[in-house]
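Structural characterization, general
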Amino acid sequence: MGLLDQEFLDSNIVIAKSDDLLNWARLSSLWQLSFGLACCAIEMMATSASNYDFDRFGVMPRPTPRQADIIIISGTVTLKMAIRIKRLYEQMPDPKYIISMGSCANCGGPYWEHGYHVLKGVDRVIPVDVYVPGCPPRPEALLEGLLKLQEKIRHETLRTKKA
């Protein structure tokens, strides 16, 4: 090791791009707005419990959309509930992220063909970032979806490009 290398090790200097630092802070402290509608909500609650512990990934539950970064839609979305989901989405500050959890939220599940009242996927009313498949998906699948979302956030930029 050279003299210059030793000087950098002793001075405790960290060099990073501002995007990397801000994205690390954002992905490590996601505040979730849970929107559990059916059996998938039980699995979502299990993910927050002690066995799977969503908190270790920096995901904290928030009861208000005005302070939430992420909304997890889990379960069968009816046309009546779609209006409320859209309203909650519009109340969230930017940047905001959506996880669609389970077959019913993703594409209407087993009810899409026979239920006229079932929305054929929550992506018809709000943009979805990550889809978690399953009926109902296990807590491990939701954790995998969260890791995919964190990877997406890690590669974002907050700067605007000049034309």
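The structure we're discussing is the one just above.
If you're wondering where the values come from, they're calculated on a predicted model, not measured in any experiment. (Residues numbered from 1 in each chain as written. Predicted model: local features only at pLDDT ≥ 70, side-chain atom pairs only at ≥ 80, totals over all residues. Heavy atoms only, no water.)

**What about the overall build of the chain?**
- For the chain, the helix and strand inventory stands at 6 helices and 5 strands.
- Counted from the first residue to the last, the chain has its helices and strands arranged as α-α-β-α-β-β-α-β-α-β-α.
- Each of the 163 residues in the chain was classed as buried or not, and the buried ones make up 38%.
- Considering only contacts in the chain between residues 6 or more positions apart, those separated by 24 or more positions represent 79%. (Helix = DSSP H or I, 4+ residues; strand = E, 2+ residues; numbered from the N terminus. Buried < 20%, exposed > 50% of the residue type's maximum accessible area, 1.4 Å probe, protein only. Contact = heavy atoms within 4.5 Å.)

**So, the nonpolar core**
- Core analysis: the largest hydrophobic core is formed by 18 residues, its most contacted members being Leu-30, Phe-54, Ile-72, Ile-99, Leu-142 and Leu-149.
- At the level of elements, β3 (70–74), β4 (97–101), β5 (130–132) and α6 (139–154) are the ones that each hand at least two residues to this core.
- The biggest single contributor to this core is α6, with 5 residues.
- Every residue in contact with Leu-149, bar those within four places of it in the chain, is listed here: Leu-30, Ile-70, Tyr-97, Ile-99, Asp-129 and Val-130.
- With 17 residues, the next largest nonpolar core counts Met-92, Ile-98, Ala-105 and Leu-119 among its residues. (Core = buried A, V, L, I, M, F, W, Y, C linked by side-chain atoms within 4.5 Å.)

**Focus: the sheet that holds strand β2 (residues 60–61)**
- With parallel pairing, the 5 strands of this open sheet are ordered in space as β2-β1-β3-β4-β5. With partners counted over all chains shown, the strands left at the sheet margins are β2 and β5, one partner each.
- Sheet strands in contact with helix α4 (residues 79–91) are β1 (31–36), β3 and β4, and its direction is about 170 degrees off that of β1. (Pairing = 2+ DSSP bridges. Axes fitted to C-alpha atoms, helices over the stretch in contact; angles between N-to-C directions.)

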